[in-house]
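Listed below are the residues making up each chain.
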Amino acid sequence: ESTNGQAPQPFLGRASVVPGWSLGSEFRSEPGAGLRCCLRRLALCQPDPSSSRGHHLEMGPGRVAAAGAQVAESLDSQKKQSRKRKAQDAVSTHCSWTKSLLGFESADLSSWNRFVCLLNRPTDPAALGVFRFLFGLLMALDIPQERGLSYLDHRYLDGLQVCRFPLFNFLEPLPLDWMYVVYMVMLLGALGIMLGCFYRLSCLLFLLPYWYIFFLDKTAWNNHSYLYGLIGFQLTFMNANRYWSIDGFWNPRKRNAHVPLWNYTMLRFQIFIVYFIAGIKKLDADWVEGYSMGSLAKHWLFSPFRLVLSEEMTNLLVVHGGGLVLDLTAGFLLFFDASRPAALFFVSYFHCMNSQLFSIGMFSYTMLATSPLFCYPDWPRRLIAKLPAFLQKFLPSTDPPQPSQECVYRETGQQRLGRTTQKVGLRQKLGAIFTVLYVVEQFFLPYSHFITQGYNNWTNGLYGYSWDMMVHSRSHQHVKITYRDGLTRELGYLNPGVFTQSRRWKDHADMLKQYATCLSHLLQNYNISQPEIYFDIWVSINDRFQQRLFDPHVDIVRAEWSPFKKTPWLKPLLVDLSPWRTKLQEIEKSLDNQTEVVFIADFPGLHLENFVSEDLGNTSLHLLKGEVVVEIVNKQMNYTLKEGDRMQVRDQNLGVWEVKFLQLNFRISSEPKALPQMKEEGEGSFPATHPMS
C-alpha cells in the first residue's frame, strides 16, 4: 500500500510464494487472497522505483516463512470474526423478527430485570386516555340503567319485607336515602373518570360503591357487570389521566406524559381472557351441537344467512359455530398487525349484533371501546393529525408525549445491550409484579370451581368470573314451595317468588338456602312456628327433559350447605338422556300449531301432582321410556303405563282432574282452548299449554 497518502497502486509484480499457496487475480475463497491481504497489511511489499510497470516484490526464505506464519494466524482470526459477525447477524435478525411480530425482543424475557424494564417501557398515553374517557361515559350511562338508579325506590324501599341474596350474609342495604347517596357518589366517580378530573379519587369513588352494590345482590350477577368492576379496579392503578384529561390541564407534569407499557398489557390481557375463556367454555358439547341457543337463528338479524342456509344450519354454523370461532380467535387476531383489521371488523359486527339480540346494557359498547386498545397507542394522534386544522384546536394534542418518571428509558446506542439510563425502582417492580399476579389470577378464577363447590349446580359457579356467556339456557316449567308448621304439622303452599324481587334463586343452591332461611323468619310473623320449607323446582337446560333440580323431600331451612362442599340435596342432571333431544325435536315438529307438548323426566320413587284444567279439552300422556303409575285422584283409580303406552287424562264430564304420576320420561300433549289459570301451589302444575321456550 502507498504510505505517502496516495491511493494504493495495482498489485502487478513478481513474488516468491510459499509452497502450497498461490496468488491469483481472483480473490474470493482462495488462500492466496488472504496471503495477499496479509502481505499488504504487513508492508512486506516494497515499491521498486526502477520498475516502470509497478511494484516489485522480493522475498527471502526467512521472510517467506515469517509471512506464512503470520498469514495462518490472521486467517484463524478472520474466521473467528466471520463466525462472530454471522452469529450477531442471526441474533439481530431474530430480534427484529420477534420485535416486528410481538412488539418486543426475546431478550427482554431473559431476566427479571429486563422483564421489568419491558413492562415499564415508555408508551404513548393517547389510546389509554381515549379508552378512559369512553369507559367513564359508558359507566355513567350504565348506572341509571343496569345498576338500578332509576328504580332505586322499588328495590330498597324502607320497611319492605323482601328476601335478599348478598354474597356475604352480613351485607345489608343502607336506608333508601343513603342508597341514593351511594349511587350519586358512584355516578360522580364515573364522570370523574371520563373527564380525568381528580382521577385517582374518582376511580375510588366509582369502584367502592360499585363492588358494594355488586356484592349486595347475587341475582344481578353476570359476566359483563363483573368485567366493569375489573376494569375499574385496573384503572385505579393506571396513569390513564396522562392524555385528554383535566388533571393534565392543571398539572404540566401529567400532561401528555408517557405511561408504562403494563398499563396497556393488563387491559389487553383482560379482554383477551374474556374472548378466549368464553371460547373455551363454548367447546361444551351442548354449544357445539347447537342446543345452547336453539331459537336465536329465528331473529331478523340472521335473515341474510337464512337466504342461503336453512334455519337449522344457520343455528348450527352461524350462531354456534361462528360464535365459537370468533371467541377462540378474536384475542389472537387483534394482537397481530396483519390480522387486526379483519378482527376489528368481525368483533365490531359481533358486538353490534349482540346489542340488538340481548338486553345487556352497555356491554356491547364497552367491548367496542376496548378494541382500539390493541392498535398502536398513538392512533388518536395520527387520526387527529389528518383532520382539518380548525377541528384540531378542539381536540387533544398531536405533539409527541413528554418523558415520565414512572417509565424506564434506554439510550439509543444501548438498546441492543439492554442498558437503561434510569435505575429500576420499587414502583417499576411493583407494577410488574401486580401485572403478573393479576393475569395469573384471571386465568385461574374461571377454573377455580373445585374450591367453591357449594356454588356449583348443573353448571359451575355463579355467572361472573366463569365467562360462560350464553352457553346454558334454561326454562322453568314447575315451581312449588311447600311449608309445614314445625309444631302443628300444618301444611301450606307459597306463591313462587313471594318476598323476592328476582327469580334467579331457582337455579342456585346457595340462593335457595338464603331464600328458605329468610322465609322461615318471615313466616313466623304469620303464626307459623319453626317452619319447614320444601322446594319442587323443574328445569330444562339446553332443550333437555324438564327434571327436578333439588330434592323435594329435604327441608332447605335445616339442610346443610357450605361454599366449599358439594350440595348433598342437589339432584344430578340426567345427561344420559341428552341424546333424546333429537327425538324430542322430531316429535315437536310433527305436531300442529294448536298442540303444545312438555317433555319431563323424573327419578324413581318420586311423584308429581298435576292439575289438568277444564280448558284443556284433549290432554294425553305418552310414555317414551321406563314405567309410570298414574293415579286419577277424582276417580280413585291407578293406571300403569309402560314404554310406548298412551292414555287420556282429561274427561269432558269431570272437569278439573288431579293427576299423580310416578317415575320416568313421558310427555303431556294437549289441544288447549285457552290458557289455564295458575294454581296457588306453584307456577302451575305442568300445564300442557306452557311451551318449552
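Residues numbered from 1 in each chain as written. Predicted model: local features only at pLDDT ≥ 70, side-chain atom pairs only at ≥ 80, totals over all residues. Heavy atoms only, no water.

**Notes on the overall build of the protein**
Line of reasoning, step 1. Looking only at helices and strands, the protein has 20 helices and 14 strands in total.
Line of reasoning, step 2. When the 693 residues of the protein are sorted by exposure, 48% land in the buried category.
Line of reasoning, step 3. Here the contacts in the protein between residues at least 6 apart in sequence split such that 72% fall between residues at least 24 apart.
Line of reasoning, step 4. Counting only carbon and sulfur atoms, one obtains 59% of the accessible surface of the protein, whose full area is about 35200 Å². (Helix = DSSP H or I, 4+ residues; strand = E, 2+ residues; numbered from the N terminus. Buried < 20%, exposed > 50% of the residue type's maximum accessible area, 1.4 Å probe, protein only. Contact = heavy atoms within 4.5 Å. Areas by Shrake-Rupley, 256 points an atom, 1.4 Å probe, with all protein chains shown as cover.)

**Quick word on helix α18 (residues 426-444)**
Line of reasoning, step 1. The terminal C-alpha atoms of α18 lie 27 Å apart, and with 19 residues this matches the ideal 27 Å at 1.5 Å per residue to within 8%.
Line of reasoning, step 2. Listed as buried for α18 are Gln428, Gly431, Ala432, Thr435, Tyr438, Val439 and Gln442. All buried residues of α18 project into a common sector of 135° when viewed along the axis, lining one side. Pointing more than 90 degrees away from the buried face of α18 are the exposed residues Leu426 and Leu437.
Line of reasoning, step 3. Considering only its buried residues, α18 is in contact with α3 (112-119), α8 (223-237) and α10 (262-281). (Expected span 1.5 Å × (residues − 1). Arc of directions from axis to C-beta.)

**Focus: the packing of aromatic side chains**
Line of reasoning, step 1. Counted according to the given criterion, the structure contains 37 aromatic pairs.
Line of reasoning, step 2. Both rings, one in phenylalanine 133 and one in tryptophan 244, keep their centres 4.6 Å apart while their planes meet at 20°; by these two values the pair is stacked. Here the residue phenylalanine 133 occupies a position in helix α4 (residues 126-142), and tryptophan 244 occupies one in the loop between α8 and α9 (246-250), the gap between them amounting to 111 residues.
Line of reasoning, step 3. Looking at phenylalanine 133, the relative accessible area reads 21%, which means it is partly exposed.
Line of reasoning, step 4. Between phenylalanine 168 and phenylalanine 215 the ring centres are 6.1 Å apart and the planes differ by 70°, which places this aromatic pair in the edge-to-face class. Here phenylalanine 168 is found in the loop between α5 (152-155) and α6 (176-195), whereas its partner phenylalanine 215 is found in helix α7 (residues 199-216), with 47 residues between them in sequence.
Line of reasoning, step 5. For phenylalanine 215, a relative accessible area of 25% corresponds to the partly exposed category.
Line of reasoning, step 6. Here a set of aromatic residues connected by ring pairs shows up, and it is made of Phe131, Phe135, Phe168, Phe170, Phe206, Tyr210, Trp211, Phe214, Phe215, Trp221, Tyr226 and Trp467. (Phe/Tyr/Trp six-rings, centres within 6.5 Å; stacked < 30°, edge-to-face > 60°.)

**Description of the environment of methionine 470**
Line of reasoning, step 1. Its location among the elements puts methionine 470 in the loop between α18 and β3 (474-484).
Line of reasoning, step 2. For the pair methionine 470 and serine 292, spaced 178 residues apart in the sequence, the C-alpha separation amounts to 7.1 Å.

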